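Descriptive structure summary
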Amino acid sequence: MSKGGCVEDLDALGLLCPLPVLKIRKKMKGMAPGARLRVLADDPAAAVDIPHFCNEQGHVLVETEDLGFPKQAYVVERGAG
């Protein structure tokens, strides 16, 4: 799936804005470019915040999966930056 061969998981369930994005930022700093992170979130604002974060930071939102409102899974690929 990812260039590194695996996807790391981040559970952001129960966290409200801006905590899911802050946790993603912290986790991605320790990951290699091209590595992927699967984030579980149930904050409705994450549907806007996570794509915006990816766009601003040069990461790629690879996939969004609806797990039953408001729960979502987001696969984010770390950019070169």
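Let us look at the structure shown here. Because the structure is a prediction, the values reported are computed rather than measured. (Residues numbered from 1 in each chain as written. Predicted model: local features only at pLDDT ≥ 70, side-chain atom pairs only at ≥ 80, totals over all residues. Heavy atoms only, no water.)

Overview of the packing of helix α1 (residues 19-29) against helix α2 (residues 46-57)
Geometry of a packed helix pair, given as the angle between the helix axes and the separation of the axes. In plain terms, the rule: Inter-axis angles, ranging from 0 to 180 degrees, are taken between N-to-C directions of lines fitted to C-alpha atoms, where helices are fitted over the stretch in contact. Only DSSP runs of H or I with at least four residues qualify as helices, and only runs of E with at least two residues qualify as strands; both kinds are numbered from the N terminus onward. Helix crossings get a hand from a simple test, with the near helix turned counterclockwise from the far one by less than a right angle marking a left-handed crossing and a clockwise turn marking a right-handed one. We call two residues in contact whenever any of their non-hydrogen atoms come within 4.5 Å of each other. The classification used treats Ala, Val, Leu, Ile, Met, Phe, Trp, Tyr, Cys and Pro as nonpolar, Asp, Glu, Lys and Arg as charged, and all other residues, Gly among them, as polar.
Across the interface, α1 lies against α2 with an axial gap of 9 Å and an inter-helix angle of 35 degrees. The way α1 lies across α2 gives a crossing that is right-handed. Mapping the contact onto sequence places V21, I24 and R25 in α1 and D49, I50, F53 and Q57 in α2. Taken together, the residues of the contact of α1 with α2 sort by class into four nonpolar, one polar and two charged.

Focus on the pattern of salt bridges
Selection criterion: Salt bridge, as used here: a side-chain nitrogen of Lys or Arg that lies within 4 Å of a carboxyl oxygen of Asp or Glu. Whether a residue is buried, partly exposed or exposed follows from its accessible area with a 1.4 Å probe, protein chains only, as a fraction of its type maximum: under 20%, in between, or over 50%, in that order.
Under the defined criterion, the tally for this structure stands at three salt bridges. Here E8 and K27 are joined by a salt bridge, their closest N and O atoms 3.0 Å apart. A residue pair is termed long-range when its members are at least 10 positions apart, and E8 in strand β1 (residues 7-12) and K27 in helix α1 qualify at 19 residues. Among the residues examined, E8 registers a relative accessible area of 33% and is labelled partly exposed. When its relative accessible area of 31% is taken as the criterion, K27 is described as partly exposed. Among the ionic pairs, R36 bridges to E77, the shortest N-O distance being 2.9 Å. Note that R36 is positioned in strand β2 (residues 36-41) and E77 in strand β4 (residues 72-77), a separation of 41 residues in sequence. Take R36: its relative accessible area is 14%, and that puts it in the buried class. When its relative accessible area of 16% is taken as the criterion, E77 is described as buried.

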